Amino acid sequence: MAAQVQDVVEFSHKQMPFSHLPHGATSYFARHLQVVYLTRENQMQWLQTGGVNLYLVRSGVFDLVSIHGDTIARLTEGDYFGFPSLLTGDKIQSHLQVVTAGLLYVLDQQSFDYLRREYRGFEQHFVRAHANRLLSSQYKTRDQSWSERKISELMSSNIITASAQVSITEAAMKMRHYGVSSLVITDENTLLGIVTDRDLRNRVLASDIAPSTSIQSVMTKNPKSIFENNRAFSALHLMLKHNIHHLPVLDEAYKPLGVITSTDLLRQQKSDPVQLIGKIYKASSVAEVKRYSSDIPELLKQFSNNIEDISVIGKLLSGLTDALTARLVHLYQLEYGQAPCAFSWICFGSQAREEQTLHSDQDNGILLDANITAKQRVYFAHLGATVCEQLVECGIKRCPGNIMASNEACRGTVTQWQSRFVTWIKEPTPKAMLNCKIYFDLRLIDGSKSLYQDLCAALDMIRRDELFFAAMATDINTNSVPIGLFHQFKLEKGNTQHKHLDLKRRGIVIINDLVRLYALNVGIYKANTLERLDALLKFDVLSSNDVYDLKDCWRYLTQLRLKTQIKREGLPSNCIDPKTLTSLEKHQLKEAFHLVRHAQQASAFKFARASL
Amino acid sequence: MDVQNLTFIIVGLSFALYIGIAIWARAGSTNEFYVAGGGVPPFANGMATAADWMSAASFISMAGIISFAGYDGGVYLMGWTGGYVLLALCLAPYLRKFGKFTVPDFIGDRYYSQVARIVAILCAIFICFTYIAGQMRGVGVVFSRFLEVDIETGVYIGMVIVFFYAVLGGMKGITYTQVAQYCVLVFAYLVPAIFISLMMTGHFLPQTGFGATLADGSGMYVLDKLDGLSAELGFAQYTEGSKSMIDVFAITAALMVGTAGLPHVIVRFFTVPRVKDTRISAAWTLVFIAIVYTTAPAVASFARVNMVDTINGKDGSGTLYSEAPAWVKNWERTGLITFEDKNGDGKMSYSAGKVSDPNSANEVKIDRDIMVLANPEIADLPAWVIALVAAGGIAAALSTTAGLLLVISTSVSHDLLKRTLKPDISDKQELLAARLAAMVAIVISAYFGINPPGFVASVVAFAFGLAAASFFPAIIMGIFSKRMNKEGAIAGMVSGITFTAAYIIYFKFVSPELNTPANWLFGISPEGIGIVGMAVNFLIAAVVLKLTADTPKEVQDMVESIRNPKGSLAAHVH
Amino acid sequence: MGLYPWLLRYLREYKLKQSYFDQQKYVIIDLELTGLIPGEHEIVSAAWLNMRASKIDLCTAGYMLNKEVQDLSQSTIYHGIDDDALLEGSSLRGLIASLATAINGHVLVCHNAVLDWGFIQRVASVYQYRITPKAIIDTMKIEKRRLLAQGRPLTQDSLTLSACRARYGLPEYKQHDALCDALATAELLLAQYSAISMGRREKLSIII
């Protein structure tokens, strides 16, 4: 008999149903379980292979998501899942979304059945839990759409009213005082009318009516209104039908309770990223920034369902990261005092290229004033460490290559940065090439613009080294497109059973690298691949046809990649299984890869005088 | 198994090795964040450079020339080795600091002139053509012998193989393929040399065997025997040159200076990421070149002794043609050995003089280029050694030819077409132009391979002479004289190459009958005239410099900075 | 010339490193000791756990007390082992025999392997057991490397098991007996692997 781990026993015995069962049950459980570490990336492996199991969360946070994509429950320490399938024998319907990676205790069907047989309390617990889950998930789906929600949940609660006799000036002053865009005109508890900002403009100023006139002469009499128990959908319908933006809300006794505006309804849609960016820029505390950042994944999901051109997502995410960073830098200065000298916060890699994904990690650094003192450096060391750590807490992963402002090497004056670049350019080892690929995509996020321009100017002077371009072109050519000798796809096998094509590494990355090479060669200081390509049209290094080809390829591959990323089936991110493509799509994809290969060869030829 | 089948197998295997390495190198992907950072070790890079350096001329012809010309042949040995040293020490480090990938680009930038760049490009193309022609002949010799066809067909076959290898195979630039080629090459060169050295002198090392006594019990030194044989047959003494001191000096210097400007080798110095590694790999290259070059004189002497012994017989009375050894018959088929029984005794006799000359007793004409290839056959070595030598010859030719073809095709399509004549061509058209250029280059050089203006090594020597007269002074002045301006450089290059080419063409093609020391300028042969061309280049450049405006200030500063030991950073950072 | 065995070992190591992390069988071992010096101090108890395909199997858990232990001065205070419990323990020879079966053919994982492996080797040599793990993974060394790579300062306590676990958000364990620590080490290894591989399926070489 296996020894039992005391801590596992203690933990399990605290959880339902074991806390109500004899110690033997806990002991059996503790001796027969397996422990796994569940992360965002490996969850497929645990949940889809190896049959049905009972899972007990030991640490971490996971969202249980139904097949429709709705969150059924948030699971934390002590929560179970997987039992519905164990009880019913059906296939697992829901899946997990990992919020924070953590440990799971896994009990297989056989041991589960044993406990069910031996301990009635055990069985009862899970049958009951299953029933509850069914109920709650049905309730949730009914409540899913925001348009089904009650008006009372959405409206602005405190109502601002005025009597019909007040002058227009008084009414306007009241509106200003409460900061509202509409005023409900009442007589005791009866709705008489409504006045909005627009009414004041159209019916007062534009009609040249004296401000001392009473408000009732300009208000909308007997306005359209809605009851608090109506659904948001009805409100939207009314507004659209009558082209109005404000609706007074009444209770069943026709007493005015408040006003619902079109903005209130729009806020419910939540999928307005611009709004979120705006909110981040206005956040007044680090905690608030973090709260907004936790909305990002959800927002992205909603957003990606609604738009046609998916490549906007990269831009959107980078925009969000920019906003987070700039705000955190600002908040830091509020807390620890203004920076002692000029600096700029710059970003590299995918963030700079505006191609960020949810999996992208941080790549950033600080550019410092040339006359900085050692004492002042301490301030920035702390700034870097703090902001990077806060970004991690906002869900942007730490950079495994340590390209972060928290790293001493990533904080420097223009000269220091320049000498870093010089070492890579002068000794283009593979490692240096890798650095160049990340660092040469750079963008200013916050701080002094002139410092950033100084850096660009400095880089412009050192990059005129043909050997460097040769090394870069050679480096690009060590990567190859996945097309074989006989025009077939060359599939790779990664950490899953499926063979796949890596669209990112074998396609998009190559294009990015090539475009960077050309852009640097002619001195274009933009980071975004498409923008670089547009700028390249002005130069001779690439003919305009080649530029258009590369652009099309890049768009096509990016689109395909993001499309598959959203509905991926156990494939590693960025990868697709060509079997899932139609023959037209396969043909297009091959064409795209061919174009990439061509451009790749041409670059080796032009810059490195390598093979034809 | 007979020689032909073995040759197919061994040459096939060596190709399979190159292709396998190329595929392996392509497939080897790098994990993005854990790149080891090293790249190719200097040791391997040294081998690859050596493979680039040692062409068919080094492999096939050098020993042949020494074998026939004795001491005089040594100029190639000295010139090529010296050229490498010059390149590694005096040119490559500066060009690297300058940050230019090709010599024409360096010249174009240094002399702030498109014209200078284009002149340099044209020079480069011309030199490469000449050099490839030499290679094609070497490949042709190999194929004609082992496929048992005549030399013409051999060149055609070689042409196709070189084209596929260099242009379509895309194997150039993969260092480890070159390393493999060096290994095949050096193995193929040393194995027969060691065998023969052991058989003839009992010494394992050919280098020591060369200076030892014969193992046949006579106690005679190898070189004494050769001198004796040479005297007996009416040749000049093997260990004493027939060329004048000044000519030997000029040829050696021309070769040395010419090789230093060869474009395809310079590139090799730039593909190593670290400057320190470049130096180490240059040293390794020298070692690897030395292994072959120090063996060459030994191979030459052994081959000569063996050859004369087998043709004229041990006693010197001649071997019956009907009983001639197999190798004579084999090489006769390629047309590289001919026998004319002038005195009708049915015996072969080899001596000085031309077969066509009725006054000469010589009945056998032997092409010099076959010496290395025929050597194992002459010495009766096993068939696999013979096959191995064939593989080595092909390896030597392939690595160099591929590099040169690339220089030609990139120069034509990128430097001339894309950057000068028609900047709006697409990548596809550019690559197409490059392939066409390569094809044309191969066809032209095959023509020269079939109708050579001289022996393989001397064809190559011309290329070097031209390089010496054009590139080299421009580079040297570009680095070491900050005042040199574009007018001077262009005038120098044009006059240098015109003078040299005219001299060579006059003596080699227009009036070959005048090609004797008496008619030569300062007693310098066409092979060595490159050095005079260089002097002309320097002189004209200096004169023109005096007559024209000075170099702009920023160029002078730039030149100053590349000679500055701190590196080019100082120049670029304010 | 030990060239042949060396080559063989090199090849075996190479193949091992090229295998995927989840292809190997692991045994995670923790020892309770009376001190830090093999030969002078003793093993009080040993615990082991198996891990396969990134799953820690608690049904393979093993725990053994050494009843021959002389000096309990430290261990009793720390880990609640009293003399009564010791009576139920096994002999040191039995203990090392069990360890040998547990370890052989597996990749050995310890937190601070130098210490535990030192003791195991020492005892094994005394009783003439051959213990040959396929490889040894040290979670402490992995952590140290990660910290250094991230440029974070290393202090005395930043490499203790609980400090390492805290860094990955793993729960704190109250017990500190050998078995709990073995489980804690195993969980730490999984967390480290997933952090280093960033979720991809990686080869053993990324953590060795």
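The shown structure was predicted, so the numbers you read here are calculated from the model rather than taken from an experiment.

Considering the overall build of chain C
- A count of helices and strands for chain C gives eight helices and five strands.
- If you list the helices and strands of chain C from N to C, you get α-β-β-β-α-α-α-β-α-β-α-α-α.
- When contacts within chain C are restricted to residue pairs at least 6 apart in sequence, those whose partners lie at least 24 apart make up 65%.
- For chain C, the exposed surface amounts to about 10,200 Å²; the carbon and sulfur share of it is 53%.

Examining the pattern of salt bridges
All names here are of chain A.
- Overall, the coordinates contain 19 salt bridges over all chains when judged by the stated rule.
- A salt bridge links Arg 516 to Asp 441; the nearest nitrogen and oxygen atoms lie 2.9 Å apart. Separated by 75 residues along the polypeptide, Arg 516 in helix H22 (residues 503-522) and Asp 441 in the loop between helix H19 (430-439) and strand S18 (442-447) bring together distant segments of the chain. Neither residue differs from the other here; Arg 516 and Asp 441 are each classed as buried.
- Through salt bridges with shared partners, a single network forms among Arg 353, Glu 355, Lys 437, Asp 441, Asp 475, Asp 513, Arg 516 and Arg 532.

A look at the interface of chain A and chain C
- Each partner contributes to the interface: chain A provides 29 residues, whereas chain C provides 37 residues.
- Across the contact surface, chain A and chain C share zero salt bridges.
- At the boundary of chain A with chain C, the tally comes to four residue pairs in polar contact (both at pLDDT 80 or more).
- For the side of chain A that touches chain C, the secondary-structure elements that each account for two or more residues are helix H1 (6-14), helix H2 (23-32), strand S1 (34-38), helix H3 (43-48) and strand S7 (102-108) of chain A.
- Of the residues assigned to the side of chain A that touches chain C, the class counts are 13 nonpolar, nine polar and seven charged.
- In terms of strand pairing, S1 of chain A meets strand S3 (residues 55-65) of chain C through two bridges, oriented antiparallel. Bridge assignment links Val 35 of chain A to a residue of S3 of chain C, and that residue is Ile 56 of chain C.

Digging into the sheet that holds strand S14 (residues 256-261) of chain A
All names here are of chain A.
- If you walk across this open sheet you meet the three strands as S12-S13-S14, and the pairing is mixed. In this open sheet, the two edge strands, each paired with only one partner strand, are strand S12 (226-227) and S14.
- Taken together, the five bridges between strand S13 (residues 246-250) and S14 define a ladder with antiparallel strand orientation. When the bridges of S14 are listed, Pro 248 appears paired with Val 259.

Brief notes about unusual backbone geometry
- Its identity is not glycine, yet Glu 354 of chain A carries a phi of approximately 60 degrees, on the positive side.
- Position of Glu 354 of chain A relative to the elements: it lies in the loop between helix H16 (349-353) and strand S16 (364-368).
- Unusually for a residue other than glycine, Gln 128 of chain C sits at a positive phi of about 60 degrees.
- Topologically, Gln 128 of chain C is positioned in the loop between helix H5 (113-126) and strand S5 (135-138).
- The exposed category is assigned to Gln 128 of chain C, whose relative accessible area is 72%.

Focus on the packing of aromatic side chains
All names here are of chain A.
- Here the structure, examined in full by the defined rule, presents 35 aromatic pairs over all chains.
- Summarising the aromatic geometry, the rings of Phe 468 and Phe 469 are spaced 5.3 Å apart at their centres and angled 55 degrees between planes, so their arrangement reads as tilted.
- A residue is classified by how much of its surface remains accessible, and Phe 468, at 0% relative accessible area, is buried.
- Lying across the ring of Phe 489, Lys 590 places its NZ or CZ 5.0 Å from the centre.

Focus: the side chain of Gln 15 of chain A
Residues and elements named next belong to chain A.
- Structurally, Gln 15 can be placed in the loop between H1 and H2.
- One polar contact links the side chain of Gln 15 to the main-chain carbonyl oxygen of Phe 11, over a distance of 3.3 Å.
- Once you skip the residues sitting within four places of it in the chain, Gln 15 turns out to touch Gly 78 and Tyr 80.

Points about the nonpolar core
- The biggest cluster of nonpolar side chains holds 289 residues, and the ones touching the most others in it are Phe 380, Leu 536 and Leu 589 of chain A together with Ile 107 of chain B.
- Broken down by element, the residue count for this core peaks at 18 residues, all from helix H16 (residues 383-421) of chain B.
- Look past the residues within four positions of Leu 536 of chain A in its chain and what remains in contact with it is Val 515, Tyr 518, Ala 519, Val 522, Ile 524, Val 541, Leu 542 and Val 547 of chain A.
- Listed in part, the 63 residues of the second largest apolar core include Val 35 and Leu 86 of chain A together with Val 107 and Ile 206 of chain C.

Concerning a nonpolar patch on the surface
Residues and elements named next belong to chain C.
- On the surface, a cluster of nonpolar side chains totalling about 540 Å² of accessible area is made up of Trp 6, Leu 7, Tyr 10, Leu 11 and Tyr 14.
- For Leu 7, the location among the structural elements is in helix H1 (residues 3-18).
- A relative accessible area of 39% places Leu 7 in the partly exposed class.

Considerations on the sheet that holds strand S9 (residues 182-187) of chain A
All names here are of chain A.
- Spatially, S8-S9-S10-S11 is the arrangement adopted by the four strands of the open sheet, whose pairing is mixed. Because the sheet does not close on itself, it has two edges, and the strands there are strand S8 (161-162) and strand S11 (220-221).
- As paired strands, S9 and strand S10 (residues 190-196) are joined by six bridges and run antiparallel to one another. Looking at the pairing, Ile 185 lines up with Gly 193 of S10.
- Its contacts with the sheet place helix H8 (residues 168-178) against S8, S9 and S10, and it is angled at close to 125 degrees to S9.
- Contacting S10 and S11, helix H9 (residues 197-205) runs over the sheet at an angle of about 70 degrees to S10.

Here's the deal with the confidence of the model for chain B
Residue and element names in this part refer to chain B.
- With 84% of its residues at a pLDDT of at least 70, chain B reaches an overall mean of 76.
- Mean pLDDT values over the elements of chain B span from 40, in helix H23 (residues 569-572), up to 85, in helix H21 (residues 530-547).
- Contacts of residues 28-38 to residues separated by more than four positions or lying in other chains number 20 contacts, the stretch itself having pLDDT below 50.
- Below pLDDT 50 for its whole length, residues 566-574 participates in 10 contacts with residues either more than four positions away or in separate chains.

Quick notes on the rules
Residues numbered from 1 in each chain as written. Chains lettered and ligands numbered in written order. Predicted model: local features only at pLDDT ≥ 70, side-chain atom pairs only at ≥ 80, totals over all residues. Heavy atoms only, no water. Helix = DSSP H or I, 4+ residues; strand = E, 2+ residues; numbered from the N terminus. Contact = heavy atoms within 4.5 Å. Areas by Shrake-Rupley, 256 points an atom, 1.4 Å probe, with all protein chains shown as cover. Salt bridge = Lys/Arg side-chain N within 4 Å of Asp/Glu carboxyl O. Buried < 20%, exposed > 50% of the residue type's maximum accessible area, 1.4 Å probe, protein only. Polar contact = N/O pair within 3.5 Å; in protein donor to acceptor, adjacent residues only side chain to side chain. Nonpolar A, V, L, I, M, F, W, Y, C, P; charged D, E, K, R; others polar. Pairing = 2+ DSSP bridges. Phe/Tyr/Trp six-rings, centres within 6.5 Å; stacked < 30°, edge-to-face > 60°. Lys NZ or Arg CZ within 6 Å of the ring centre and 35° of its normal. Core = buried A, V, L, I, M, F, W, Y, C linked by side-chain atoms within 4.5 Å. Patch = residues over 30% accessible without salt bridge, like charges linked within 9 Å, V, L, I, M, F, W, Y side chains within 5 Å. Axes fitted to C-alpha atoms, helices over the stretch in contact; angles between N-to-C directions. pLDDT = per-residue confidence, 0-100.

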